[in-house]
Amino acid sequence: MAILVRGERKLRGPLRLGAPGPGLFLLPGLVLAVLSLGAVVLDAAYMGRALPGLRVGDVEVGALDEAGIRARLQREIAAPWSLARVTARSGERSWTATNADLGIEPDVAGAASAALAFGRDRTLGARIDAWLDALTGRAAVPFAMRAEGESARLWVSGIAAAVDRPAADGEIRLGARGVEVTEPMAGTLVDRDALFAR
């Protein structure tokens, strides 16, 4: 049977740290160099394609080229968007049109360009930041809509023509037949700009 004995060593005086060695300064520089090299290599590997993990709106477009981005956005956003209905109501009346009828459509070309430009900033720090965002799923490009032609404005004008009613002031006056009362009437006016903006 073996018996192990453990001894303690006591320090004689305060613990002294030596001067920082070159390793203390080399490590951060080495980490920065590795990140920079990785960003440059990945940037070259994904030239002409979106960064992996990048989203446009809620649609994943990472690693796709421009044609692939456009096709995916057209299929997943633009086509369903064009069929979506817009309804305006005033009292019992309502007017309905599709986004396509109104000429409102997603800017697929602009979104594809923005996706390809994401993370391609001139500064290395901005590129590294974009890559980290993309690889962690936090990178996204907004998806803008645009109105083509005058269809939406004409639709709003048609609604306004049906709804607008001028106000009438009430009046009490003494006339030839006695007291004459004109009832006031509230007017209705469509806020065309607000309706168009919705």
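Details of the structure are given in the entry above.
The structure displayed is predicted, hence computed values, not measured ones.

(A) Quick look at the overall build of the protein chain. Along the protein chain, the regular secondary structure elements total seven helices and nine strands. When each of the 198 residues of the protein chain is scored for burial, the buried share is 24%. Taking the contacts inside the protein chain whose residues are at least 6 apart along the sequence as the reference set, 58% of them involve residues at least 24 apart. Surface summary for the protein chain: the accessible area is close to 14,300 Å², and the carbon and sulfur share equals 58%.

(B) Structural context of the environment of alanine 162. Along the polypeptide, alanine 162 turns up in helix α6 (residues 151-163). A relative accessible area of 32% places alanine 162 in the partly exposed class. Separated by 28 residues in the primary sequence, alanine 162 and valine 190 have C-alpha atoms spaced 9.6 Å apart. Setting aside residues up to four positions removed in sequence, alanine 162 forms contacts with Arg93 and Trp95.

(C) Looking closely at the pairing of strand β9 (residues 178-182). The pairing of strand β8 (residues 171-175) with β9 spans five bridges and is antiparallel. The residue of β9 that forms the bridge with glutamate 171 is threonine 182. Hairpin geometry of β8 and β9 is characterised by an intervening segment of two residues between the two adjacent antiparallel strands.

Definitions and limits used
- Residues numbered from 1 in each chain as written.
- Predicted model: local features only at pLDDT ≥ 70, side-chain atom pairs only at ≥ 80, totals over all residues.
- Heavy atoms only, no water.
- Helix = DSSP H or I, 4+ residues; strand = E, 2+ residues; numbered from the N terminus.
- Buried < 20%, exposed > 50% of the residue type's maximum accessible area, 1.4 Å probe, protein only.
- Contact = heavy atoms within 4.5 Å.
- Areas by Shrake-Rupley, 256 points an atom, 1.4 Å probe, with all protein chains shown as cover.
- Pairing = 2+ DSSP bridges.

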